[in-house]
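So the chains spell out like this:
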Amino acid sequence: MHEASLVLAMCEEIEALARKEGAQKVLAIEVSFGEYAGIEEEAFRFAFEALRRHSPLFKEADLRIEKKQVSFRCPFCGETFTPEGPPLCPRCQIPGLPEAGGELEIKRVELLLEEKEDV
Ligand SMILES: [Zn+2]
């Protein structure tokens, strides 16, 4: 499951950020990735749900996913196209290669910064 490793990488990156900022919790995560770029939203959410059950840092985090339009290029005829369904070249009907825009991108992270009060 390739989504699981993406989620893991994402959470590691956010964890490092949270530690740097001295945050206690992650409140929200906003990511985007390209539609039909090989990432399944359902699988991505599922992997995140599984991970956060074991992580106090992410327990209350709200995951928002934004889908981006990705353009594809046909490796055969070089046609660039934006598919509305499976990324097949409209001319050759063979799978295109995703161009820029399909990658997972962390858009925004909301952190809860605990006040440093004496306990
Ligand atoms: Zn083509």
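Above this text is the structure in question.
Chains are numbered independently. Their residues run from 1 in the order of the written sequence. Side-chain atom pairs in this predicted model are given and counted only at pLDDT of 80 or more, local residue features only at pLDDT of at least 70, and totals for whole chains, interfaces and linings cover all residues.

Visitor: Would you explain the environment of Arg19 in this entry?
Guide: Secondary structure elements are defined from DSSP: runs of H or I of at least 4 residues count as helices, runs of E of at least 2 residues count as strands, and each element is numbered from the N terminus. Here Arg19 lies in helix 1 (residues 2-21). Through-space distance from the C-alpha of Arg19 to that of Ala50 is 22 Å; in sequence the pair is 31 residues apart.

Visitor: Looking at this model, I keep getting lost on helix 1. Mind explaining?
Guide: Count 3.6 residues to each turn of an α-helix, and residues three or four apart come out pointing the same way. Taking 1.5 Å per residue, 20 residues should reach 28 Å; helix 1 reaches 29 Å between its end C-alpha atoms and fits that length. Counts of 20 or more other C-beta atoms within 10 Å of a residue's own C-beta define buried residues, counts of 12 or fewer define exposed ones, and intermediate counts define partly exposed ones; C-beta atoms are placed from the backbone. Buried within helix 1 are the following residues: Leu6, Val7, Met10, Cys11, Ile14 and Ala18. An end-on view of helix 1 places all buried positions within 125° of arc, on one side of the element. Helix 1 presents His2, Ser5, Ala9, Glu12, Glu13, Ala16, Arg19 and Lys20 as exposed residues on the side facing more than 90 degrees away from its buried surface. Of the surrounding secondary structure, the elements contacted by the buried residues of helix 1 are strand 1 (23-34), helix 2 (41-52) and strand 6 (105-113). Downstream of helix 1 by a residue or two, Gly22 has a phi angle that is positive, lying close to 75°. In this scheme, a helix's expected span is set at 1.5 Å multiplied by one less than its residue total. To obtain the arc, one takes the directions from the helix axis to the C-beta atoms. Residue pairs qualify as contacts under a 7 Å threshold applied to their C-beta atoms, which are placed from the backbone.

Visitor: What exactly am I supposed to notice about helix 2 here?
Guide: Here helix 2 contains 12 residues, and its C-alpha end-to-end distance of 16 Å stays within 8% of the 16 Å for a straight helix at 1.5 Å per residue. Among all positions of helix 2, only Phe44, Ala47 and Phe48 are buried. An end-on view of helix 2 places all buried positions within 100° of arc, on one side of the element. Away from the buried face of helix 2 by more than 90 degrees, exposed residues Glu42, Glu49 and Ala50 are located. Buried residues in helix 2 make contact with helix 1 and strand 2 (62-68).

Visitor: Looking at this model, I keep getting lost on the sheet that holds strand 2. Mind explaining?
Guide: In a beta sheet, neighbouring strands are held together by backbone hydrogen bonds and run either parallel or antiparallel to one another. Two strands make a pair as long as DSSP finds a minimum of two bridges between them. Spatial strand order, 2-1-6: 3 strands in an open sheet with mixed pairing. The two strands at the open ends of the sheet, each matched to only one other strand, are strand 2 and strand 6. Strand-to-strand twist across the sheet, computed as the mean angle between neighbouring axes with direction ignored, equals 15°. One ladder, built from 8 bridges, connects strand 1 with strand 6; its direction is antiparallel. What sits directly across from Val26, in strand 6, is Leu111. Most of the contacts of helix 1 go to strand 6, to which it runs at about 40°, and overall it touches strand 1 and strand 6. Every angle, taken between N-to-C directions, lies between 0 and 180 degrees, and every axis is a line fitted to C-alpha atoms, over only the stretch in contact when it is a helix.

Visitor: For this particular structure, what's the right way to read the environment of Glu42?
Guide: In this fold, Glu42 is placed in helix 2. Linking Glu42 and Glu3, residues 39 residues apart in sequence, is a C-alpha distance of 9.3 Å.

Visitor: Looking at this structure, I do not really get the sheet that holds strand 3 (residues 72-73). What am I missing?
Guide: The antiparallel open sheet is built from 3 strands, whose spatial order is 4-3-5. Strands with a single pairing partner mark the edges of an open sheet, and in this sheet they are strand 4 (80-81) and strand 5 (97-98). Where strand 3 lies against strand 5, 2 bridges are found, and the strand directions are antiparallel. Paired with Arg73 across the two strands is Leu97, which belongs to strand 5.

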